[in-house]
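# A look at the structure
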Amino acid sequence: FKEAFCPFLLQAEDAGVTIAIEPFVQHVVHDIASVERLFNEFDSPALKLVMDPSNYFTRQSVGEMDLRLNQLFQRLGSRTIVPHAKDVLMLDAQDGSPTAGNGPPEAGLVHPAAGKGCMNYPLYLELLHKTKPDSRLLLEHLVESDIDRAREHVLHAWPDSDPDRPQSIIKGRL
């Protein structure tokens, strides 16, 4: 991997291009430690992070939302180039209904649009604002009819101290 990725990063640096990685629990780069290893091994100004906290949660860690969000921003927040907003929700394995806390191992984890799960948006957005106050947030996992609801959910949780609060949401759809 290193032999293939180093020339790629050097070309990106020479061209003034940014390469943004988006970790996910089922990928090779899947948790805070693996992201830190990647950034330590490839110390390049061209390498940045897509901050998508819901991608880091597992059935076992969803009940530790605040602790995990704080760790994520403390260790990786400065690497952020683009923050994403979607949610995380645990579903009961028997009937598919939402469950709280750590849930049984057979419970499923899904990533619905912002406001349809258990993501602590006030804390996420506070940490984002402290770390990257000029960030623009990208809403994802939306259908067109849900854009306004998700946008309002995020705006309601956005820190009052951000003077650009109403403009800090990019409206869009997948």
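Heads up: the structure comes first, above all this text.
This section reports on the structure supplied with the text. The written sequence of each chain sets the order in which its residues are numbered from 1. Only residues with pLDDT of at least 70 get local features here, since the model is predicted, and only at 80 or more are side-chain atom pairs given and counted; chain-wide, interface and lining totals rely on the full set of residues. Think of the side-chain values as coming from all heavy atoms in the structure, minus any hydrogens and water.

Right, let's get into the pairing of strand β2 (residues 47-51). Consecutive side chains along a regular strand alternate between the two faces of the sheet. By the criterion of burial, β2 is predominantly enclosed, with four of the five residues buried. Any two strands are treated as partners once DSSP identifies two or more bridges connecting them. Only DSSP runs of H or I reaching four residues or more are called helices, and only runs of E reaching two or more are called strands; each is numbered from the N terminus. Bridge count between strand β1 (residues 19-21) and β2: three bridges; the pairing is parallel. Of the residues in β2, the one forming a bridge with A20 is K48. Pairing geometry for β2 and strand β3 (residues 80-85), over three bridges, is parallel. Bridged to L49 within β3 is T80. What joins β2 to β3 is helix α3 (residues 65-76), and the crossover it makes is right-handed. Exposure categories follow from relative accessible area, calculated using a 1.4 Å probe and restricted to protein chains: below 20% of the type maximum is buried, above 50% is exposed, and the middle band is partly exposed. The handedness rule is simple: strands pointing away from the viewer, and a clockwise path from the first strand over the helix to the second, make the crossover right-handed.

Another point: the packing of aromatic side chains. Only Phe, Tyr and Trp rings take part, Trp by its six-membered ring, and two of them pair if their centres are within 6.5 Å. Stacked means planes under 30 degrees apart, edge-to-face means over 60, and tilted covers everything else. By the definition in use, this model includes four aromatic pairs. A centroid spacing of 6.0 Å and a plane angle of 40° characterise the contact between F5 and F8, whose relative ring orientation is tilted. In this pair, F5 and F8 both sit in helix α1 (residues 2-15), three residues apart, roughly one turn of the helix. With a relative accessible area of 11%, F5 lands in the buried category. Between F73 and Y124 the ring centres are 5.9 Å apart and the planes differ by 45°, which places this aromatic pair in the tilted class. With F73 in helix α3 and Y124 in helix α4 (residues 121-131), this residue pair connects regions lying 51 residues apart in the sequence. In this structure F73 comes out as buried when scored by relative accessible area, which is 6%. Here Y124 falls in the buried class, since its relative accessible area comes to 1%. Ring pairing ties together the aromatic residues F5, F8 and F42, which thus form one cluster.

Criterion for a salt bridge: a side-chain nitrogen of Lys or Arg within 4 Å of a carboxyl oxygen of Asp or Glu. Per the stated rule, a full pass over the model turns up nine salt bridges. As a salt-bridge pair, D52 and K86 come within 2.5 Å of each other at their nearest N and O atoms. Of this pair, D52 sits in the loop between β2 and α3 while K86 sits in the loop between β3 and β4 (89-91), placing them 34 residues apart in sequence. Across the pair, K86 and D52 agree in class, each one buried. K86 serves as the salt-bridge partner of E140, at 2.9 Å between the closest nitrogen and oxygen. You can see E140 sitting in the loop between β7 (137-139) and α5 (147-157) and its partner K86 sitting in the loop between β3 and β4, a full 54 residues away along the chain. For the pair E140 and K86, a shared accessibility class is recorded, and that class is buried.

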